[in-house]
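Residue-level structure breakdown
Letter by letter, the chains look like this.
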Amino acid sequence: ELVAEFPQVTLASGSATSDIIAQIRREVLAPYLALLVTPMRFSKQWLTQIASLAQQVGGDCIVAPSVDFEGAGHYVRYEGNGNDHSFQKFARALWRSQRSKFQPLASVPTGCVVLSWSCLERNAARCASPQEWLEKLYDSGVPAYWAQDTFVGRIESLNHRAIVSLNDSITDDAMIQ
């Protein structure tokens, strides 16, 4: 049903994280890979903001937007009533107050991250989950940054884990496991 609603979604054929990453490397070409561990709502300019930071940093990197996951090193409390207009208004206000601000993260980010495509060349073998792969990347020296001007929020009603490849302007393909 997800593929019928979103024709740009491709179901991954492998169940292991390393198999899914290998499939993405074979079938997709994009500058960044978004990794989601829970359904998310995105601000309209989130990819442009994340891509700008990733280009500024250069090389292998993990970039995490502000999220509404308590306990995350990149947590921002969402203050809105939950409808899309309120969400986008909150995201715009955050962007205006934090424009182009970012900082290194002292721990592996959670919820949603964007990886430079070069991270897919790093070994994902023996990783049981996308989060474990992120931890392996971080432990191997891939720096993680918090894009303080970018916000994504949880969507409670869905239950999918996704790895999404992104081109410069839109979500191109999604790998759902």
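Residues numbered from 1 in each chain as written. Predicted model: local features only at pLDDT ≥ 70, side-chain atom pairs only at ≥ 80, totals over all residues. Heavy atoms only, no water.

**Brief notes about the overall build of the protein chain**
Summing up its helical and strand segments, the protein chain has 5 helices and 9 strands in all. Ordered by position in the sequence, the α and β elements of the protein chain form the string α-β-α-β-β-α-β-α-β-β-α-β-β-β. In the protein chain, which comprises 177 residues, the proportion classed as buried is 47%. Sequence-distant contacts, at least 24 apart, represent 77% of the contacts inside the protein chain between residues at least 6 apart. Accessible surface, the protein chain: about 9000 Å² in total, of which carbon and sulfur atoms supply 48%. (Helix = DSSP H or I, 4+ residues; strand = E, 2+ residues; numbered from the N terminus. Buried < 20%, exposed > 50% of the residue type's maximum accessible area, 1.4 Å probe, protein only. Contact = heavy atoms within 4.5 Å. Areas by Shrake-Rupley, 256 points an atom, 1.4 Å probe, with all protein chains shown as cover.)

**So, the nonpolar core**
Generally speaking, nonpolar side chains in soluble globular proteins are found buried as a group. With 31 residues, the main nonpolar core has Ile62, Leu115, Trp133 and Phe151 as its most contacted residues. Elements that contribute at least two residues to this core include exactly α2 (17–27), β2 (32–36), β4 (62–67), α4 (84–98), β6 (112–116), α5 (130–139) and β7 (144–154). With 4 residues, the single largest contributor to this core is α4. Within the second largest apolar cluster, 20 residues are counted, among which are Tyr32, Phe69, Ala72 and Val114. (Core = buried A, V, L, I, M, F, W, Y, C linked by side-chain atoms within 4.5 Å.)

**Observations regarding the confidence of the model for the protein chain**
Across the protein chain, pLDDT averages 78, with 82% of residues at or above 70. Summarising per-element confidence for the protein chain, the mean pLDDT is lowest in strand β9 (residues 171–176) (34) and highest in strand β5 (residues 102–104) (91). In this model, residues 157–177 is a region of pLDDT below 50 whose contacts with residues beyond four sequence positions or in other chains number 79 contacts. (pLDDT = per-residue confidence, 0-100.)

**With respect to the side chain of Ser66**
By secondary structure assignment, the location of Ser66 is in strand β4. At 3.4 Å, the side chain of Ser66 and the backbone oxygen of Gln148 are in polar contact. Residue contacts for Ser66: discarding those within four places in its chain leaves His74, Val76, Leu94, Trp146, Ala147, Gln148, Thr150, Phe151 and Val152. (Polar contact = N/O pair within 3.5 Å; in protein donor to acceptor, adjacent residues only side chain to side chain.)

**Describing the side chain of Ser43**
The residue Ser43 is located in the loop between β3 (40–42) and α3 (46–57) in this model. Polar side-chain contacts of Ser43 include one of 3.2 Å to the backbone oxygen of Phe151. In contact with Ser43, not counting residues within four places along its chain, are Phe87, Gln88, Ala91 and Phe151.

**Quick look at the pairing of β7**
Across the 11 residues of β7, 10 count as buried, placing the element largely inside the fold. When β3 meets β7, the two strands line up antiparallel, connected through 3 bridges. Paired with Phe42 across the strands is Val152, a residue of β7. When β4 meets β7, the two strands line up parallel, connected through 6 bridges. (Pairing = 2+ DSSP bridges.)

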